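Chain and residue survey
The primary structure of each chain is shown beneath.
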Amino acid sequence: MRTAREIFPFDGKMKKLFSVLFILKCISGDPTPIVLWHGMGDTCCYFYSLGSFKLFLERQIAGVYVNSLQIGNSTIDDFDNGYFMHPNKQVEYVCRLLANDPKLAQGFNAIGFSQGAQFLRGVVQRCGHKLPPIKNLISLGGQHQGVYGLPHCGALEHTACDYVRKLLNYAAYYSWVQDSLVQATYWHDPLNEIVYKKQSQFLADINNERRINTTYVQNLNRLSSFVLVKFDGDSIVQPRETEWFGFYAPGQAERLVTLEETALYKEDRLGLKAMKESGKLIFLSTPGDHLHFEEKWFIEEIIKPYLL
């Protein structure tokens, strides 16, 4: 009687062939869709910002579906809402958009630019369990511990920028300011931690500052990767360490602490400690000012490991 090896003399080669065919099948499948959320002073579709970035992704990943989020009925609405539509309402709006997008039904990756990064984190935490799988969340210059300073205001006129800055410096936690100015909802005054935790209508909530919302923790930990990109030359975000969940030590505004030194991490109020220990929390940095990066860097550090 002949042995199996005699009947199938090339079984080793056949196994390799099947493996290659399986890999090719996976590669030839539709790429994972990507959702983008722009930052302050931008819109979904300006040709010189996210419009061109969407085209860049489509060139790099053949056949990819990219949904660059428009908050409102027009790009004008989208721009204005970046300043004046409460983040809680924006997050609810986006949760509905994503749930009703059939092209995302098998899951998607998400990239947030500047304040869009913490808003996308809000989406993950608040409605991630109601959405298709969110695989990788990539934060480009997001302010995850908030900001304490506003040196530039994007595309706002100089006088309007000065008005916004004064409101934040002197009245950020007044209820009417929290209700009407987006940036006030992630203003984090280290000199008034108690007031911040009590009055912040968005950031203090998604950072579980008042109470631990286990749904937030569970949804965030469902991510395959949470990638935090810090811009080493950032002149817009103060402090830039917030892009890695660092911030000023409580009670002063000079000494900075890393994520690992914060109560947020030590008490694992968001599950970030568990994510880091499991390899899900990724810290990347790149030279340059806010949201300034080279295409080659993005391809090697973001597209290849997280989007393909």
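Parameters and conventions
Residues numbered from 1 in each chain as written. Predicted model: local features only at pLDDT ≥ 70, side-chain atom pairs only at ≥ 80, totals over all residues. Heavy atoms only, no water. Core = buried A, V, L, I, M, F, W, Y, C linked by side-chain atoms within 4.5 Å. Buried < 20%, exposed > 50% of the residue type's maximum accessible area, 1.4 Å probe, protein only. Contact = heavy atoms within 4.5 Å. Helix = DSSP H or I, 4+ residues; strand = E, 2+ residues; numbered from the N terminus. Phe/Tyr/Trp six-rings, centres within 6.5 Å; stacked < 30°, edge-to-face > 60°. Disulfide = S-S within 2.5 Å. Salt bridge = Lys/Arg side-chain N within 4 Å of Asp/Glu carboxyl O.

What follows concerns the nonpolar core. Within the largest apolar cluster, 51 residues are counted, with the highest numbers of intra-cluster contacts made by Leu 98, Val 123, Phe 226 and Leu 272. Not counting the four nearest positions on each side in its chain, Phe 226 is found in contact with Arg 121, Leu 137, Ser 139, His 144, Leu 220, Phe 245, Leu 272, Met 275, Lys 280, Leu 281 and Ile 282. Residues Ile 34, Phe 113, Val 227 and Val 229 belong to the second largest nonpolar core, which totals 25 residues.

Attention now goes to the environment of Pro 190. Along the chain, Pro 190 turns up in the loop between helix H8 (175-180) and helix H9 (193-199). In the structure, Pro 190 is positioned 58 residues away from Tyr 248 in sequence and 6.4 Å away in space, judged by C-alpha atoms. When neighbours within four sequence positions are excluded, Pro 190 is seen to be in contact with Tyr 148, Phe 247, Tyr 248, Ala 249, Pro 250, Gly 251, Gln 252 and Ala 253.

What follows is about the side chain of Ser 200. With respect to the secondary-structure elements, Ser 200 resides in the loop between H9 and helix H10 (203-206). Residue classification places Ser 200 among the buried residues on the basis of a relative accessible area of 1%.

This part covers the packing of aromatic side chains. What the rule picks out here adds up to 21 aromatic pairs. Here the aromatic rings of Phe 226 and Phe 245 are separated by 6.2 Å at their centres, their planes lie at 85°, and the arrangement is edge-to-face. Placement of Phe 226 in strand E5 (residues 225-231) and of Phe 245 in the loop between E5 and strand E6 (247-248) is noted, with a sequence separation of 19 residues between them. The buried category is assigned to Phe 226, whose relative accessible area is 0%. The interplanar angle of 75° and the centroid separation of 5.5 Å between the aromatic rings of Trp 244 and Phe 283 together place this pair among those described as edge-to-face.

Moving on: the state of the cysteines. Within the structure shown, the criterion is met by two disulfides. One disulfide bridge connects Cys 44 with Cys 45, the sulfur atoms lying 2.2 Å from each other. Negative torsions about the S-S bond denote left-handed disulfides, and the value of about -95° found for Cys 44 with Cys 45 makes this one left-handed. Exposure remark for Cys 44: the relative accessible area of 1% places this residue in the buried category. The disulfide bridge from Cys 95 ends at Cys 127, spanning 2.0 Å between sulfur atoms. When the S-S torsion is -90°, as for the bridge of Cys 95 with Cys 127, the disulfide is left-handed. With a gap of 32 residues between them, Cys 95 in helix H5 (residues 87-99) and Cys 127 in helix H6 (residues 115-127) connect regions that are remote in the sequence. In this structure Cys 95 comes out as buried when scored by relative accessible area, which is 13%.

Attention now moves to the pattern of salt bridges. Overall, the coordinates contain six salt bridges when judged by the stated rule. Notably, a salt bridge pairs Asp 205 with Arg 126, separated by 2.7 Å at the nearest N-O pair. In this pair, Asp 205 is assigned in helix H10 and Arg 126 in helix H6, connecting sequence segments 79 residues apart. Given the relative accessible area of 23%, Asp 205 is considered partly exposed. In this structure Arg 126 comes out as partly exposed when scored by relative accessible area, which is 21%. For Lys 230, the salt bridge identified is with Asp 232, shortest N-O distance 2.9 Å.

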